[in-house]
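Architecture at a glance
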Amino acid sequence: MNAFLHFLERLKLSTKLIFGLGAMMAIIASIGLQAIYSIRLQSEEINRMYEFELMGLSHIKQANIELMQMGRSLRQMILSPDAKSRVTARAELDESRRNMNRAMKEGEKLFFRPEGRALLADIQDVLVQYLRNVDHATALIENDKTLQNTEIARFLATPDNVAVYEKTDKLMTDLVHHKEAASKLAAQGAIEISHQIEHWTVALLLVGVAAGLGAGLLLSASLRRPSERLRLSVERLAQGDLETEVPHTEFQNELGALARSVSVLQKGATQADILRWSKTQANLISANVQAIERLDEFADTLLAQLTPLLQAQLGLLYVFDKASEKYRYQGGYGLAIEPSDMPDFSLGEGLLGQCARDARQMRLDAVAGTSLRIRSGLIDDHPHWICLLPVCDIGGAVLAVMEFAGFVPMGARQETLMQEVVLLVALNLKIIERNQATHTLFLQTQQQSDELRQQNVEIELERNRAEEATRAKSEFLANMSHEIRTPMNAVIGLSYLALKTDLSAQQRDYVQKINSEGTTLLGILN
């Protein structure tokens, strides 16, 4: 019954209506056919009773009447006063004889019961003797020209003739009674058939009503049950249970189309919920790591939050080092190996390097045979899956590679969160890289400032020394110029005075040179 009900639930509404109406029409048709069959059966029984019993009875009675008419015609022949009356009576006798023979032949066709046919055979045997006696009597009558009929009377009064007539009459009466009894039995059979027809009609009506009610209940259940299941799933979805299964999406009917529409809405709501959850978690992670400037602290903080959200038990972050052109381990979560023992990877080296070279995500399942293990106080086992995720900037350069491992596979939420976090990690790595470059530039600038400040101090000291030397020189020159200017003025003055005297050409030349050079030296001193 459950299988049939499940089959009905999958049908289209129009098919269910057709099925219900078809079932009702089939029930009505069955009752109608049964009624027609019953009426036909009853009609056939009545026809059979009429044709075989009543018509047979009618023929036998007709034969009996004709037999009595033959007796009356025979007596009329005996009692006729003239030849003409005798001829008329003889004609009536012959007519009755023919009618009786015809009635007996027609009645013979309608006897089927053994006792009836036995009586009919006895009557025919007796009739043969009776008709022989009738023929003998008519022959005597025709040979008697005196119309006294003495010999005929003696013949008719003989015991044999009387016995034959009585026997014929008795057999005719018995046959009539037999046929009447058969007719009565046929009538009772028709009544029984009528009662059976009534019983069958009532039974079929009850069965039809029960079948109609059953079909109605089945169709109602096939509509109500799946609709109720779909309604409950919609209520659970409305309450926020987006993981609930939408039933009957496989049905190829109106309910299946509605269920598939609800499933599409569920997928949309699930995607929106996953996206909302992913963005919320990504924002929380971003809020916790955005102020971090050190790579190792950033890696530890990031993976401490991200790894459990991804349903992973191990998490590692390798960041590309431009100086060594290798991906270096910066931090992890759940790692049972010392960080100093973690190897570096060049581009294309190992799966991690290959992931960085191809710039695409790599996933490995069934990694039970590797040396990687997840350890705790209760667990020491190989992970069931490993995921390598490249972190690319806008230009496509792989800035880092994240590696996760765990037991429980990641779902749609975790995949979406991982894609959200990739952009966050790339942005923060760029920020940290710029911050480190800025910090390095700041340190270089500070160092250069300190060096410049030291140089300024040294320059100031040198300037002070130079000024001191200049001041000493100036004082020296001032003192010297004062000491020299006085005799120099005397030399210039005396040479000037000497040039006023009479001198020889050679003396004048010497004195002129002394005056000129002295004036020049005095200008220098001034």
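This text follows the structure it describes.
These remarks concern the structure in this document. (Residues numbered from 1 in each chain as written. Predicted model: local features only at pLDDT ≥ 70, side-chain atom pairs only at ≥ 80, totals over all residues. Heavy atoms only, no water.)

1. Observations concerning the overall build of the chain
Helix and strand counts for the chain stand at eleven helices and seven strands. The buried share among the 526 residues of the chain stands at 34%. Partitioning the contacts of the chain with sequence separation of at least 6, the portion at a separation of at least 24 is 63%. Total accessible area computed for the chain in this model is approximately 31600 Å², and 59% of it derives from carbon and sulfur atoms. (Helix = DSSP H or I, 4+ residues; strand = E, 2+ residues; numbered from the N terminus. Buried < 20%, exposed > 50% of the residue type's maximum accessible area, 1.4 Å probe, protein only. Contact = heavy atoms within 4.5 Å. Areas by Shrake-Rupley, 256 points an atom, 1.4 Å probe, with all protein chains shown as cover.)

2. Some points on the side chain of S96
You can see S96 is positioned in helix α3 (residues 83-108). Residue classification places S96 among the buried positions, given a relative accessible area of 4%. When sequence neighbours within four positions are dropped, the list of residues in contact with S96 reads E66, Q69, M70 and S73.

3. Considering the packing of aromatic side chains
For the structure on display, the rule yields three aromatic pairs. Summarising the aromatic geometry, the rings of Y318 and Y329 are spaced 5.8 Å apart at their centres and angled 65° between planes, so their arrangement reads as edge-to-face. Linking Y318 in strand β1 (residues 314-321) with Y329 in strand β2 (residues 326-333), this pair joins segments that are eleven residues apart in sequence. Y329 shares its class with Y318; the two are buried. Ring geometry for F320 versus Y327: centroids 5.1 Å apart, planes at 55°, classification tilted. Look at F320 and you get partly exposed, because its relative accessible area is 31%. Three or more aromatic residues link up through ring pairs in this structure, and these residues are Y318, Y329 and F345. (Phe/Tyr/Trp six-rings, centres within 6.5 Å; stacked < 30°, edge-to-face > 60°.)

4. Notes on the pairing of β1
The buried fraction of β1 amounts to six of the eight residues, a majority that puts the element mostly inside the structure. Of the strand pairs in this sheet, β1 and strand β7 (residues 398-406) are connected by six bridges, and their pairing is antiparallel. Each residue of the ladder has a partner; that of V319, found in β7, is A400. Taken together, the seven bridges between β1 and β2 define a ladder with antiparallel strand orientation. Within β2, the position partnered with Y318 by the bridge is Y329. Taking the residues between adjacent antiparallel strands as the criterion, β1 and β2 are bridged by four residues, where E325 takes a positive phi near 55°. (Pairing = 2+ DSSP bridges.)

5. Things to note about unusual backbone geometry
The phi angle at E325 is positive, at roughly 55°, despite the residue not being glycine. Topologically, E325 is positioned in the loop between β1 and β2. With a phi close to 55°, A359 is a non-glycine residue in the positive phi region. The residue A359 is located in the loop between α9 (350-358) and β3 (362-365) in this model.

6. Some words on α9
Burial in α9 covers these residues: L352, G353, C355 and A356. All buried residues of α9 fall inside an arc of 155° around its axis, so they share one side. Residues of α9 that are buried sit in contact with β1, β2, β3, β6 (385-392) and β7. Residue A359 follows α9 closely and has a positive phi angle near 55°. (Arc of directions from axis to C-beta.)

7. Some points on the sheet that holds β3
The five strands lie next to each other as β2-β1-β7-β6-β3, forming an open sheet whose pairing is antiparallel. Two strands in the sheet have a free side with no partner beyond their single neighbour: β2 and β3. If you compare each strand with its neighbour and ignore which way they point, the axes differ by 15° on average. Relative to β2, helix α8 (residues 295-309) is tilted by about 55°, and along the sheet it contacts β1, β2 and β7. (Axes fitted to C-alpha atoms, helices over the stretch in contact; angles between N-to-C directions.)

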